[in-house]
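# Architecture and fold: a report
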Amino acid sequence: MLSRIAHSARLLPALSRTLATSAANQATVTVCGGGNASHIAAGMFGQRGDEVRLFFSFADEAAKFRVGCEKNGGVTVTSKTEQYTGQPSIISAEAAEVIPGSDVIIIITPAFAHENILQVIAPHLDNGACVGAIPGPGGFDLIARGSIGDTLKAKDITLFGASSLPWACRFEEYGARASLLGEKEKVPVTAFPDTPEAATKLEPILNSIHRNTKFTVGGHFLNTTLWCTNAIIHPGITYGIWHDWDGKPVAEKPLFYQNCNKFTANVLDSLSNEIAASVKVLSAETNADMSKWQPIDVYMRDTYGHSIADQTSTDTIMATNDAFRGLTAPVLEVDGGYLPNYDTRYLTEDLPHGLAVLRGIAEICGVETPMMDTVLTWTQEKIGHEYLVDGKIQGKDVAHSGCPQRWGITTVQDLVAH
């Protein structure tokens, strides 16, 4: 059935629009991506009664997902307490087959893929559609407005970004089965434009399609961009673990989060404090509502409080968070043990669409950033990238990042208005 639907998908937009308007609480949601979280979205959103479509950047991935979905009769999600199955209506790598008629498009991919996906789907967006990234830090709104800004204006598109992914998850069988290991209780979302109308439009849909996570929409998009999540956690802990490594193989894979000692906690807290200084400048010098932003310890308690045994400080929060139990640092196995593996998304994604963006904003705000400079200088060298050069965000790889300097933004007023 799915093959027939997907192969004749060009006939569906008008029908989908009729169905969406005939059911008061039904939405047509398109998920872009085929990774772990997209499996959860396909099963969860479809099971909730909304029409769910999947868009892939590559035809072979769409075909592989379709085979698994047909075999299983949808995507089955298994959590600690329940199991359910949802079935996408369209699975395709052709934007023209998937995007028209979509009320909400959610991009759940690595941040480096956002720009290309936005450019591919832009010609097919309906007027008034909502387009967002979950998660959405890293300058998602700047990239969207810089790459498809004319389309956003002409079609009255609402952009949105979630502070983090609501799930810890992994797929077990591609296109067929996935495990939901944990769910955040709440996830803040920001939208552009930041208006009550945007919140009224987005909140009901996001809360309808998710099962156990509360989404709240409000505040300037910079709250999401400056969120204390992967952008500082992954580079910060990587630096904490390996900054004084002697170059010899280690006997065991180091725990990542649970290896957070006082030194690493100070790195994370210092990065968070430097972001807070930017937030303070933005609040004082512009009309941007930055009230949703949280420092790292507050964010972790607020999101994972029920899973944290000792909430005293950042090191104990990380070390005793049951959601992080057993997760190890990326490594390469060699004779005699393990070497650090820097060529992972912890740096290749969380620098250009994370820490470098935060440093770029701090530069515009005139904030001193000794810890950002230390961590960014060390980590960018490990992956052969260049963002911070001679004390400024002006390296060659800024052109492929979410840094505001890429778009010629130099003042806080331009940053807020852009």
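Each remark here, short or long, concerns the structure printed above.
Notes on the structure in this doc start here.

Calculation criteria
Residues numbered from 1 in each chain as written. Predicted model: local features only at pLDDT ≥ 70, side-chain atom pairs only at ≥ 80, totals over all residues. Heavy atoms only, no water. Disulfide = S-S within 2.5 Å. Buried < 20%, exposed > 50% of the residue type's maximum accessible area, 1.4 Å probe, protein only. Helix = DSSP H or I, 4+ residues; strand = E, 2+ residues; numbered from the N terminus. Right-handed = clockwise from strand over helix to strand, strands pointing away. Salt bridge = Lys/Arg side-chain N within 4 Å of Asp/Glu carboxyl O. Axes fitted to C-alpha atoms, helices over the stretch in contact; angles between N-to-C directions. Parallel < 35°, antiparallel > 145°, perpendicular 65-115°, else oblique. Left-handed = near helix turned anticlockwise from the far one by under 90°. Contact = heavy atoms within 4.5 Å. Nonpolar A, V, L, I, M, F, W, Y, C, P; charged D, E, K, R; others polar. Polar contact = N/O pair within 3.5 Å; in protein donor to acceptor, adjacent residues only side chain to side chain. 1 Å grid on protein atoms, 1.4 Å probe; cavity = no way out; pocket = protein on both sides within 12 Å on 5 of 7 lines; lining within 4 Å. Points joined across faces, edges and corners; volume = space filled by probe spheres on them.

Moving on to the state of the cysteines. For the coordinates displayed, the defined rule picks out zero disulfides. With no disulfide of its own, Cys-403 lies 13 Å from the sulfur of Cys-365, the closest cysteine sulfur. By relative accessible area, which is 0% here, Cys-403 ends up buried.

On to the pairing of strand β12 (residues 214-217), then. Side chains Phe-215 and Val-217 of β12 all project onto a buried face; the interleaved residues Lys-214 and Thr-216 project onto a face where none is buried. A crossover connection joins strand β11 (residues 186-192) to the parallel β12 through helix α8 (residues 196-209); in handedness this β-α-β unit is right-handed.

Bringing the pattern of salt bridges into the picture now. Where side chains of opposite charge bring their charged atoms close, a pairing between them can arise. One pass over the structure, following the stated rule, counts 15 salt bridges. One salt bridge in this structure joins Asp-141 and Arg-145, with 2.5 Å as the shortest N-O distance. Here Asp-141 and its partner Arg-145 are both found in helix α7 (residues 140-154), four residues apart, which amounts to about one turn of the helix. Between Glu-172 and Arg-170 there is a salt bridge, with the nearest N and O atoms lying 3.0 Å from each other. Classification of Arg-170 by relative accessible area gives partly exposed; the value is 42%. Residues participating in the shared-partner salt-bridge network are Lys-71, Glu-173 and Arg-177.

For the pair helix α15 (residues 351-365) and helix α16 (residues 370-382), interaxial distance at closest approach is 10 Å and the crossing angle is 150°. When the axis of α15 is compared with that of α16, the two are roughly antiparallel. Seen from above, α15 lies across α16 with left-handed handedness. Residue-level inspection shows Leu-351, Leu-355, Ala-356, Leu-358 and Arg-359 of α15 in contact with α16, the latter providing Met-372, Asp-373, Val-375, Leu-376, Thr-379 and Gln-380. Of the residues in the contact of α15 with α16, the class split is seven nonpolar, two polar and two charged.

Another aspect to go through is the environment of Tyr-174. Here Tyr-174 lies in the loop between β9 (167-173) and β10 (177-183). Each C-alpha atom, one on Tyr-174 and one on Val-67, is 8.8 Å from the other, the two residues being 107 residues apart in sequence. Ignoring sequence-local partners within four residues, the contact set of Tyr-174 consists of Gly-34, His-39, Phe-56, Glu-61, Lys-64, Phe-65 and Gly-68. Looking at Tyr-174, its side chain comes within polar contact range of the main-chain oxygen of Gly-34, at 3.2 Å.

You can see Glu-97 is positioned in helix α5 (residues 95-98). A polar side-chain atom of Glu-97 sits 2.6 Å from a polar atom in the side chain of Ser-92.

Now for empty space enclosed by the protein. If a probe the size of a water molecule is rolled over the atoms, the empty space left behind becomes visible. A complete count under the given rule lists one cavity of 30 Å³ or more for this structure. Reported here for the largest cavity is a volume of approximately 70 Å³. Elements with a minimum of two residues in the lining of the largest cavity: α10 (230-242) and α14 (345-348). Residues of the lining of the largest cavity, tallied by class, amount to eight nonpolar, three polar and no charged.

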